[in-house]
Amino acid sequence: TVSDAEVKTDYEREHDRAMVHVVRVDANPNNESAVSKEALDSALKDTPALEARYKEDLFRYNVPKQAHLRQILRKLDRDASEEVVAKEKELLVSLKKRLDAAAEGEDFSKLAREHSQDDASKEQGGDMGFVKQGQLVRALEDAAFALKAGEISPEPVRTPLGLHLLQVLEIKPASSKPLEEVKE
């Protein structure tokens, strides 16, 4: 059995995250008018100043590593018996073996449509789209970002939702948006 304190600790570890954006507002005590369009256009043409500001605020333009994922989810209650967990794990392991053994490559998306219990991605063949690092629960994220493009998780991954079999379709490395893109 799991105590309430353990559930609370696990929940906080998985969900206690925050992203903070800071907005700086300069008070205008002299009631001066807003910056004119000409002054703004002139400032944007001042390349050295613009580049310096871009470098100073580069953290704002960082894009974390991303993975394009598919999944087959088998839902489990938090208090699911070991028998139920073993049965669902056995199903996912057998699907993984089918995918590994198929000479022409068994279709992951077909198996996801047939076996996944994820209402959000089942009809799309388990396609979760691109997910950013830091967006998933820890166990799922660790498994997903340990894989290379084209790989399938070696074994099912347990999360509070259930068991997941993952396939990585594509990886986008962490990057920063270029100055030209954020200039506008």
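Attention in this report is confined to the structure presented alongside it.

### Comments concerning the sheet that holds strand S3 (residues 127–132)
Alright, step 1. An order of S3-S2-S5-S4 is seen for the four strands of this open sheet, with the pairing classed as antiparallel. Of all the strands in the sheet, just S3 and strand S4 (157–159) have a single pairing partner and so form its edges. In this sheet, neighbouring strand axes are inclined to one another by 45 degrees on average, regardless of whether the strands run parallel or antiparallel.
Alright, step 2. By the bridge criterion, ten bridges tie strand S2 (residues 66–75) to strand S5 (residues 162–172) in an arrangement that is antiparallel. The residue of S5 that forms the bridge with Gln66 is Lys172.
Alright, step 3. Contacts from helix H4 (residues 82–101) reach S2, S4 and S5, with the element oriented near 35 degrees to S5.

### Details of the layout of surface pockets
Alright, step 1. Looking at the second largest pocket, its volume works out to about 270 Å³.
Alright, step 2. Lining the second largest pocket are 15 residues; nearest its centre among them are Asp10, Arg78, Arg158, Thr159 and Pro160.
Alright, step 3. Here the element with the most residues in the lining of the second largest pocket is helix H1 (residues 4–15); it accounts for five residues.
Alright, step 4. Split by residue class, the lining of the second largest pocket holds six nonpolar, one polar and eight charged.

### Concerning the packing of aromatic side chains
Alright, step 1. Across all of its chains, the model carries zero aromatic pairs by this definition.
Alright, step 2. Note that Lys172 overlies the ring of Phe130, its terminal NZ or CZ placed 4.2 Å from the centroid.

### Brief notes about the environment of Asp107
Alright, step 1. Checked against the element boundaries, Asp107 lands in the loop between H4 and helix H5 (108–115).
Alright, step 2. Put simply, Asp107 and Gly125 are 18 residues apart on the chain and 9.2 Å apart in space, counted from C-alpha to C-alpha.
Alright, step 3. Within the local environment of Asp107, its side chain forms a polar contact with the side chain of Ser109, the two groups lying 2.7 Å apart.

### Observations concerning the pairing of S2
Alright, step 1. With nine of its ten residues buried, S2 lies for the most part within the structure.
Alright, step 2. Across five bridges, S2 lies against S3 in antiparallel orientation. By the bridge assignment, Ala67 is partnered in S3 with Val131.

### A few points about the packing of H4 against H5
Alright, step 1. Packing of H4 against H5 leaves a shortest axis separation of 11 Å and a crossing angle of 155 degrees. Our classification of the angle between H4 and H5 gives roughly antiparallel. Crossing geometry of H4 relative to H5 is assigned as right-handed. Across the interface between the two elements, Leu91, Leu95, Arg98 and Leu99 of H4 pack against Phe108, Leu111 and His115 of H5.

### Structural notes on the side chain of Arg70
Alright, step 1. Its location among the elements puts Arg70 in strand S2.
Alright, step 2. Among buried Asp, Glu, Lys and Arg side chains, Arg70 stands out as unpaired, with Asp107 the closest opposite charge at 4.6 Å.

### Section: H4
Alright, step 1. For H4, which comprises 20 residues, the first-to-last C-alpha distance of 28 Å matches the rise-based estimate of 28 Å (1.5 Å per residue) to within 8%.
Alright, step 2. Looking only at H4, the buried set comprises Val85, Glu88, Leu92, Leu95, Lys96 and Leu99. Along the long axis of H4, the arc covered by the buried residues comes to 100 degrees, so they all point the same way. In H4, the exposed residues that point more than 90 degrees away from the buried face are Glu82, Glu83, Lys87, Glu90, Lys97 and Ala101.
Alright, step 3. Looking at the buried residues of H4, the elements they touch are S2, H5, S4 and S5.

Scoring rules and cut-offs
Residues numbered from 1 in each chain as written. Predicted model: local features only at pLDDT ≥ 70, side-chain atom pairs only at ≥ 80, totals over all residues. Heavy atoms only, no water. Pairing = 2+ DSSP bridges. Helix = DSSP H or I, 4+ residues; strand = E, 2+ residues; numbered from the N terminus. Axes fitted to C-alpha atoms, helices over the stretch in contact; angles between N-to-C directions. Contact = heavy atoms within 4.5 Å. 1 Å grid on protein atoms, 1.4 Å probe; cavity = no way out; pocket = protein on both sides within 12 Å on 5 of 7 lines; lining within 4 Å. Points joined across faces, edges and corners; volume = space filled by probe spheres on them. Nonpolar A, V, L, I, M, F, W, Y, C, P; charged D, E, K, R; others polar. Phe/Tyr/Trp six-rings, centres within 6.5 Å; stacked < 30°, edge-to-face > 60°. Lys NZ or Arg CZ within 6 Å of the ring centre and 35° of its normal. Polar contact = N/O pair within 3.5 Å; in protein donor to acceptor, adjacent residues only side chain to side chain. Buried < 20%, exposed > 50% of the residue type's maximum accessible area, 1.4 Å probe, protein only. Parallel < 35°, antiparallel > 145°, perpendicular 65-115°, else oblique. Left-handed = near helix turned anticlockwise from the far one by under 90°. Lys, Arg positive; Asp, Glu negative; His and termini not counted. Salt bridge = Lys/Arg side-chain N within 4 Å of Asp/Glu carboxyl O. Expected span 1.5 Å × (residues − 1). Arc of directions from axis to C-beta.

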